[in-house]
Amino acid sequence: MPLRFASMDCPLFRGSACRIRLAAASSSNPLSPPRLSPYPGSPGRSPPRAEGAVARTAGATRAPLHPGAFALLPLGSVKPTGWLKNQLQVQAKGLSGHLDETWADVGPTSAWLGGYGESWERGPYFLDGLIPLAWLLDDARLIAKAQKYIDWTLTHQQPSGMIGPASNDDWWPRIVILKALTQYHEAAAGQGNEDPRVLPLMDKYFRHQLAALPARPLRDWGKFRWQDEALSVLWLYNRTGEPYLLDLVRLLHQQGYNWIAQSADFPYKQKITAEFIKLNEGGGLKDLALATHGVNNGQALKTGAVWSLVSGSRSDRAATAQMLSELDRWHGLPNGMFSCDEHLSGRDPSQGSELCTVVETMFSLEQALAITGDAALGDRLEKIAFNALPGTFSDDMWAHQYNQEPNQVECSLHHKPWVSDGPESNLYGLEPNFGCCTANFHQGWPKFAASLFMLSGASESEGGLVAAAYAPCELRTHIRGVSIHVSEETDYPFRGVIRFTVNPATPLQFPLGMRIPAWAEGAKITVNGELEPTPAAGSFAQIVRTWRAGDHVELAFPMQPRASRWFNDSIAIERGPIVFSYGIGESWVKLRDRGMTADWQVFPTTSWNYALDLDPSDLGKIAVSEGPIGENPFSRKQPPVSLQVNARKLPAWIAEDGAANPLPQSPVATDQPAEDLTLIPYAAAKLRITAFPQAKS
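**Section: the overall build of the chain**
Scanning the chain from N- to C-terminus turns up 18 helices and 27 strands. Computed over the C-alpha atoms, the radius of gyration of the chain is 24 Å, within 12% of the 26 Å expected from 2.2 N^0.38 for a compact globule of 697 residues. When its C-alpha atoms are laid out on the principal axes, the chain stretches across 75 × 65 × 45 Å. Across the 697 residues that make up the chain, the buried fraction comes to 65%. In the structure as shown, the chain presents an accessible area of about 22300 Å², 51% of it carried by carbon and sulfur atoms. Counting 62 positive and 71 negative side-chain charges, the chain places the averaged centre of each group 4 Å from the other.

**Some remarks on the pairing of strand E8 (residues 473-479)**
Side chains Cys473, Leu475, Thr477 and Ile479 of E8 all project onto a buried face; the interleaved residues Glu474, Arg476 and His478 project onto a face where none is buried. Summarising the sheet, E8 and strand E9 (residues 482-490) pair through seven bridges and their orientation is antiparallel. Residue pairing across strands places Thr477 opposite Ile484, the latter belonging to E9. Taken together, E8 and the strand that follows it, E9, pair antiparallel across an intervening segment of two residues, in which Arg480 is found at a positive phi of about 50 degrees.

**Section: helix H8 (residues 226-240)**
Along an α-helix, a turn takes 3.6 residues, which lines up residues three or four apart on a common side. Given a rise of 1.5 Å per residue, 15 residues ought to cover 21 Å, and the 21 Å separating the end C-alpha atoms of H8 matches this to within 8%. Of the residues flanking the end of H8, it is Gly241, one or two places downstream, whose phi is positive at about 70 degrees.

**As for the side chain of Gln299**
One can find Gln299 in helix H12 (residues 294-300). The class of Gln299 is buried, set by a relative accessible area of 0%. When sequence neighbours within four positions are dropped, the list of residues in contact with Gln299 reads Trp172, Arg225, Gln227, Asp228, Glu360 and Ser364.

**Observations regarding the side chain of Glu366**
Mapping Glu366 onto the fold places it in helix H15 (residues 355-372). One buried charged residue, Glu366, remains without a salt bridge, the closest side chain of opposite sign being Lys447 at 6.6 Å. Excluding anything up to four places from it in sequence, Glu366 contacts Leu72, Leu381, Lys447, Phe448, Ser451 and Met454.

**Quick word on the packing of H15 against helix H16 (residues 375-388)**
Remark: H15 packs on H16, axes separated minimally by 9 Å, with the N-to-C direction vectors making an angle of 155 degrees. Considering their axes alone, H15 and H16 lie roughly antiparallel with respect to each other. Crossing of H15 against H16: the hand is left-handed. Contacts from Val358, Thr361, Met362, Leu365, Glu366, Ala368, Leu369 and Thr372 of H15 reach H16 at Leu377, Gly378, Arg380, Leu381, Ile384, Ala385 and Ala388. Counted by class, the contact of H15 with H16 contains 10 nonpolar, three polar and two charged residues.

**Digging into empty space enclosed by the protein**
If you walk through the whole model with that rule in mind, you get four cavities of 30 Å³ or more. Estimates place the volume of the largest cavity at around 50 Å³. If you go around the largest cavity, the residues you meet are Gln87, Pro390, Phe393, Ser394, Asp395, Met397, Asn632, Phe634 and Lys686. Here the residues of the lining of the largest cavity sort into four nonpolar, three polar and two charged.

**Focus on the nonpolar core**
In summary, soluble globular proteins display a tendency toward joint burial of nonpolar side chains. In this structure, Phe206, Trp445, Phe448 and Phe557 are the most contacted members of the largest nonpolar core, which totals 207 residues. Non-local contacts of Phe206, meaning those with residues more than four positions away in its chain, are made with Leu178, Glu229, Ser232, Val233, Leu236, Tyr244, Leu245 and Leu248.

**A few points about the packing of aromatic side chains**
Each aromatic ring pair is described using two quantities: the centre-to-centre distance and the angle formed by the ring planes. Tallied over the entire structure, the rule returns 32 aromatic pairs. Ring centres of Phe266 and Tyr268 lie 6.2 Å apart, and the angle between their planes is 90 degrees; this geometry places the pair in the edge-to-face category. For Tyr268, a relative accessible area of 11% gives the class buried. With a centroid separation of 6.1 Å and 75 degrees between ring planes, the pair formed by Phe453 and Phe500 is classed as edge-to-face. Taken together, the residues span a long stretch of sequence, with Phe453 in strand E6 (residues 453-456) and Phe500 in strand E10 (residues 497-504) at a distance of 47 residues. The class of Phe453 is buried, set by a relative accessible area of 0%. Taken together, the ring pairs connect Trp83, Phe386, Trp445, Phe448, Phe453, Tyr470, Tyr492, Phe494, Phe500, Trp519, Phe557 and Phe634 into an aromatic cluster. Over the ring of Phe434 we find Arg122; its NZ or CZ atom is 4.8 Å from the centre of that ring. The lysine or arginine in question, Lys179, covers the ring of Phe363, its NZ or CZ lying 4.3 Å from the ring centre.

**Considering the pattern of salt bridges**
Side-chain pairing between opposite charges can occur once the charged atoms of the two side chains come close. Counting across every chain of the model gives 38 salt bridges. Across the pair Lys686 and Asp395 runs a salt bridge, and its minimum N-O distance is 4.0 Å. Pair noted here: Lys686 is in the loop between strand E26 (674-681) and strand E27 (688-689) and Asp395 is in the loop between H16 and strand E5 (403-404), with a separation of 291 residues, a long-range link. By relative accessible area, Asp395 is classed as partly exposed at 27%. One salt bridge connects Arg575 with Glu626, and the closest N-O pair in it is separated by 2.8 Å. Highlighted residues: Arg575 in strand E17 (residues 571-575) and Glu626 in strand E22 (residues 623-626), separated in sequence by 51 residues. One salt-bridge network, held together by shared partners, links Asp128, Lys179, Asp228, Lys302, Glu360 and Lys447.

**Points about the sheet that holds strand E12 (residues 524-527)**
Reading across from one edge, E3-E8-E9-E10-E15-E12-E13 is the order of the seven strands in this open sheet, with antiparallel pairing throughout. Single-partner strands in this sheet number two, and they are strand E3 (78-80) and strand E13 (530-531). The pairing of E12 with strand E15 (residues 551-556) spans four bridges and is classified as antiparallel. Bridge pairing links Lys524 to Ala556 in E15.

**Some words on the environment of Asn296**
When you line up the elements, Asn296 lands in helix H12. Of the residues examined, Asn296 reaches a relative accessible area of 0% and is grouped as buried. Between the C-alpha atom of Asn296 and that of Phe448, which follows or precedes it by 152 residues, the distance is 20 Å. In contact with Asn296, other than residues within four places in its own chain, are Trp221, Phe224, Arg225, Trp259 and Leu290.

**Side note on the pairing of E9**
In terms of burial, E9 is largely enclosed, as seven of its nine residues are buried. Pairing analysis gives seven bridges linking E9 to E10, with the strands arranged antiparallel. When the sheet's bridge partners are listed, Glu488 is paired in E10 with Phe500. Between E9 and E10, which pair antiparallel one after the other, the connecting turn spans six residues.

**Considering helix H4 (residues 140-155)**
The end-to-end C-alpha distance of H4 is 22 Å, a good match for the 22 Å that 16 residues give at a rise of 1.5 Å each. When H4 is considered as a whole, its buried residues turn out to be Leu142, Ile143, Lys145, Ala146, Gln147, Tyr149, Ile150, Trp152, Thr153 and Leu154. Buried residues belonging to H4 abut helix H1 (82-93), helix H2 (95-102), helix H3 (122-137), helix H5 (171-190) and helix H6 (198-212). Between the side-chain oxygen of the N-cap and the backbone nitrogen of Arg141 there are 3.0 Å, and the N-cap of H4 in question is Asp139.

About the cut-offs
- All residue numbers here refer to positions counted from 1 along the written sequence of the relevant chain.
- Restriction of local features to residues with pLDDT of at least 70 applies here, the model being predicted, together with a cutoff of 80 or more for giving and counting side-chain atom pairs; totals for whole chains, interfaces and linings are based on all residues.
- Note: side-chain values were computed over all heavy atoms of the structure, leaving out hydrogens and water.
- Starting at the N terminus, helices and strands are each numbered in turn, a helix being any DSSP run of H or I of at least four residues and a strand any DSSP run of E of at least two.
- Note on method: radius of gyration uses C-alpha positions; expected globular size equals 2.2 Å times residues raised to 0.38.
- Exposure classes here rest on a 1.4 Å probe applied to the protein chains alone. A residue is buried below 20% of its type maximum, exposed above 50%, and partly exposed in between.
- Shrake-Rupley sampling with a 1.4 Å probe provides the accessible areas, and residues are treated as covered by the protein chains on show and by no other component.
- Neither His nor the chain ends is counted toward charge; the positive residues are Lys and Arg and the negative residues Asp and Glu.
- Charge positions come from single atoms, namely NZ of Lys, CZ of Arg, CG of Asp or CD of Glu.
- DSSP-based pairing: two strands are paired if at least 2 bridges between them are found.
- Each residue after the first adds 1.5 Å to the expected span of a helix.
- The criterion used for residue contact is that any of the two residues' heavy atoms lie within 4.5 Å.
- The salt bridge criterion pairs a side-chain nitrogen of Lys or Arg with a carboxyl oxygen of Asp or Glu, the two atoms within 4 Å.
- Fitted lines through C-alpha atoms give the axes, limited to the stretch in contact for helices. The angle between two N-to-C directions lies from 0 to 180 degrees.
- For classification purposes, an angle smaller than 35 degrees is called roughly parallel, one larger than 145 roughly antiparallel, one from 65 to 115 roughly perpendicular, and anything else oblique.
- We call a crossing left-handed when the near helix sits turned anticlockwise from the far one by less than a right angle, and right-handed when that turn is clockwise.
- Three categories are distinguished: nonpolar for Ala, Val, Leu, Ile, Met, Phe, Trp, Tyr, Cys and Pro, charged for Asp, Glu, Lys and Arg, and polar for the others, with Gly belonging to the last.
- The way it works is a 1 Å grid over only the protein atoms, where trapped points that fit a 1.4 Å probe form a cavity and open points with protein on both sides within 12 Å along at least five of seven lines form a pocket, and then any residue with an atom within 4 Å of a point lines it.
- Grid points are joined across faces, edges and corners, and a volume is the space filled by probe spheres set on the points.
- For the purposes of this section, nonpolar cores are sets of buried Ala, Val, Leu, Ile, Met, Phe, Trp, Tyr and Cys residues that join through side-chain atoms within 4.5 Å.
- The pairing test for Phe, Tyr and Trp rings, Trp by its six-membered ring, is centres within 6.5 Å, and the orientation test on the planes gives stacked under 30 degrees, edge-to-face over 60, and tilted for anything in between.
- Lysine NZ or arginine CZ positioned within 6 Å of the ring centre and within 35 degrees of the ring normal marks a charge as sitting over the ring.
- Pairs of N or O atoms are called polar contacts if they sit within 3.5 Å, as long as, within protein, a hydrogen donor faces a hydrogen acceptor (for residues adjacent in sequence, only side-chain-to-side-chain pairs).

Such coordinate-based values are descriptive only and should not be taken to indicate function.
Okay, structure coming up:
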């Protein structure tokens, strides 16, 4: 999470004395809060220039960069608590915390540890998620594991400036290791142990790359993922002010794929087939295949926002929302993702999404939300984090899928419906189909936790806090030199109440912003028990007051069930940011042992082919049942919330080769008797139906 810029066209009002201010994003342009009053002088104003080797003040960016709406806090500022901390602990006890002990690609023989093993992306991928997991949990065992990779990288830079294993000179894996090093530098500095080796190594590497790129330009993966390196280049520029870094980021932009143009005139409106990309004719790394590759598109979502920091262009900054809109329109799925198994695959919910795409899309949304201040990106981030991310793990996180499907009726060795993936694609296991996700999934939960709060303010004197996404956590930071501690207590997303306790070391006036989701019409905010004006849904609300230790803010969201429309006018049921599914009965059958874990097939034990018998415009009859928030709220053993709906079987809707056939066009006729169907959170149902046909009344 390398970028820490704040405040241009910040979509928050400023005010005085504990009055709530609202900022609603325009439906046509998420940057349009310009009809509101931005922070004084922020549009077009030169950002404050930070002095010294490291820019530390909130909102400080170096000219001529254009600041973003918010700033991501350094790793370690936000720590998870409650159920979210439990998820990170399960992850640490599972595959994430032991992968190097059971998988040779990141084990002792890894070339990223000086060995003879894998020398490409898997070591950097593993480190990119292991670092935030280890430091957010203050887990000495995991920190020691990460430190081995870090120390080898920092002590084996070549005289030319190149980093990483000499057996592989691809630019792409260096992009990932740089992301990891920026996080490490911030986390260590936050503990008072700043590593003096990081900035000089990055400086020497970037000077080498600037000299080498004209003759050895970006290719394949690096060409399509250049925006991730741009984050690290700008991160270093913000700390050193070296002018050549701006030359480098412009060269990366010049050599990289033009994602902004693709989002402006999106050409891939159909399911991409192997024949279309000429996969069997050696087209796998050609531009056509890489432009339609799911992970590349997930990483590309941040491109316009990141580049706008250099260009200052509002159209560049709007490109993230535009690209997301196009992906939704042609490939959108009800779990918040777009289909990609492994290329863009249309809107049928029997198509899958790759786990790498899930975590990379989350990272892109975290970065783009900070830069644009677009509340809708926070809504999407939560939807993916609370559904698609945990939905692709076993409860103990010792196994994961390569592809997940919203309508997933069987996880077995089958070929349908994958575009270019193999028959193991939706098994739960160590490395189903391909090992990239095994190395890369670790970043999902930790980076989400680290992004829950952000900073706002065009200058240090205007600095404030923003609750950008919601989950139990605590924040420790400084505003204008005053230590601030904020505790966030909540069972969100399973409940609608969020309580903040604000504790400045001394009384201090600053703005506290809170994202109001688009679905949260009628949300209520109270400060120390006093009701504030009703905030607008799809906006950021802001309270400006002099905060004193023990001040309480309570945010209450309405959590009524609602319906959304999908492929062939099918229906999905949502409540808050949670998508609900029918949990098909599951029989887990071990396929084989894999070191410390195993590969599993999952077969259905109950019927699944139901049509919902309800009026999507009137869901008041849906019964909501709430239970305790257990240690793993994404397990079907004790789901914290469930819904009761009316449904009828649809015998004509069947599965072939382990995959549900395409949804019939709704409404559908069925003469089957009405049944009560229990829906549980998407991630709790490993076999599930999420998008249902609607039965004719």
